[in-house]
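Coordinate inspection notes
The residues making up each chain are set out below.
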Amino acid sequence: MKSVFITGGTTGIGMELAKLYALKGWRVGVCGRDEKKFTENFRPQFKNVSFFHADVSNREELKNAIKTFSKIDGLDLLIANAGIGYKFKTKVPDFEQSYHMVHINLLGVMYAFEAALDVMIPKGSGQIVAISSIAGYLGLPGVSAYSATKAAVLKFCESLHLDLKQFNIHVTAICPGFVETPLTARNNHSMPFLVKAPRAAELISRAIEKRKMVYAFPFFFSSLVRILGAIPRTWYKYFMKIKMFNYSRE
Ligand SMILES: NC(=O)c1ccc[n+]([C@@H]2O[C@H](COP(=O)([O-])OP(=O)(O)OC[C@H]3O[C@@H](n4cnc5c(N)ncnc54)[C@H](OP(=O)(O)O)[C@@H]3O)[C@@H](O)[C@H]2O)c1
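Heads up: these notes are all about the structure in this document. In this text the structure is predicted, and so the values were computed from the model without any measurement.

Looking now at the overall build of the protein. If you tally the helices and strands in the protein, you get 9 helices and 9 strands. Computed over its C-alpha atoms, the radius of gyration of the protein comes to 18 Å, within 12% of the 18 Å expected for a compact globule of 250 residues. Principal axes of the C-alpha set define a box for the protein whose edges measure 55 × 40 × 35 Å. Taking all 250 residues of the protein together, 51% fall into the buried category. As presented, the protein carries roughly 12,200 Å² of accessible surface, and 59% of it is formed by carbon and sulfur atoms. Averaging the locations of the 33 positively and 19 negatively charged side chains of the protein gives two centres separated by 7 Å.

Right, dumping it as structure tokens:
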């Protein structure tokens, strides 16, 4: 039986991915900080999904969870999905919140990859995936720390995609646009091209199957964002005055 461990798999994109793999017959492990969310969303139907209490910003806690899960029959796929996001209401970033976000969104991904590689390198195969964001392509106003963590995750994955191929380990970065989840339910700005979470999970699992280096979706919105990431910065500043992109104006 194939096995996948998903960080932050109790709600949103991670939960939909966990359900999708469970329905395919995989053994699934998810972690989170709140077991109640897991019980509400997975019990009684999903017997092949188990919960591990682990905060991804705690290296030892996460390492133990992934090690314990992998002891039964290894680890074929790791999805480092857990992440948080919020918009700064002031022009000066809240640095405490920024550091917190770095611990979860960036170090949390590194800790998960480290623990997965401890299992996959001796085994000689595996696949590791991180959920970045299309925000990783741009320095967006109001979300400086979020954009920075997601850009770092994207580049971390691109490098590792090249480095780890020799160990038969495939690395993918996923860059979603807006997906309907508890995280985006808090947004009070417009969310163009919003994708339903089960559809997002389907698209992500297809990209994982194809072992893509980077997969951004939905196609039109992510293409637009990538163009904005590549044009001269003077033009970028002009486009950021347009309401569709400048969330901090709303
Ligand atoms: N939704 C979007 O539009 C969107 C777009 C681009 C990228 N993303 C990225 O996709 C990922 C999932 O987002 P989502 O929208 O599905 O969010 P969500 O519904 O808020 O789910 C986040 C999950 O992460 C867990 N989590 C949060 N902090 C954690 C921590 N410190 N340790 C362990 N688990 C933690 C949460 O469980 P507990 O609270 O129980 O810990 C929950 O299971 C994030 O990395 C996010 O940045 C989302």
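Moving on from the coordinates now.
As a further point, take the site of the ligand. Inspection of the region around the ligand gives 31 residues, with Thr-10, Arg-33, Lys-37, Val-179 and Thr-181 positioned closest. A distance of 2.7 Å separates an oxygen atom of the ligand from a polar backbone atom of Asn-81. In this structure, an oxygen atom belonging to the ligand sits 2.6 Å away from a side-chain N or O atom of Thr-181. Out of a free accessible area of 880 Å², the ligand has 95% covered by protein chains. If you list the elements that add at least two residues to the shell around the ligand, you get helix H1 (12–23), helix H5 (144–164) and helix H6 (182–185). Tallying contributions element by element places H6 first for the shell around the ligand, with 3 residues. Classifying every residue of the shell around the ligand gives 13 nonpolar, 13 polar and 5 charged.

Cis geometry is adopted by the peptide bond preceding Pro-44, which originates at Arg-43 and carries an omega value of 5°. Considering the arrangement of structural elements, one finds Pro-44 in the loop between helix H2 (35–42) and strand E3 (49–53). Phi is positive for Asn-168, which is not a glycine, with a value near 65°. Secondary-structure assignment places Asn-168 in the loop between H5 and strand E6 (169–176). The phi dihedral of Arg-211 is positive, around 55°, even though this residue is not glycine.

Before going further, it helps to examine the pairing of strand E5 (residues 126–131). Of all 6 residues making up E5, 6 are buried, and the element is well covered by its neighbours. Here E5 shows two buried faces, one formed by Gly-126, Ile-128 and Ala-130 and the other by Gln-127, Val-129 and Ile-131. Note: strand E4 (residues 77–80) against E5, 4 bridges, orientation parallel. Note on E5: the bridge partner recorded for Leu-77 is Gln-127. This β-α-β element, E4 to helix H4 (residues 95–123) to E5, shows right-handed connectivity.

So, how was this worked out
Residues numbered from 1 in each chain as written. Predicted model: local features only at pLDDT ≥ 70, side-chain atom pairs only at ≥ 80, totals over all residues. Heavy atoms only, no water. Helix = DSSP H or I, 4+ residues; strand = E, 2+ residues; numbered from the N terminus. Rg over C-alpha atoms; globule rule 2.2 N^0.38 Å. Buried < 20%, exposed > 50% of the residue type's maximum accessible area, 1.4 Å probe, protein only. Areas by Shrake-Rupley, 256 points an atom, 1.4 Å probe, with all protein chains shown as cover. Lys, Arg positive; Asp, Glu negative; His and termini not counted. Charge placed at Lys NZ, Arg CZ, Asp CG, Glu CD. Near = heavy atom within 4 Å. Polar contact = N/O pair within 3.5 Å; in protein donor to acceptor, adjacent residues only side chain to side chain. Nonpolar A, V, L, I, M, F, W, Y, C, P; charged D, E, K, R; others polar. Pairing = 2+ DSSP bridges. Right-handed = clockwise from strand over helix to strand, strands pointing away.

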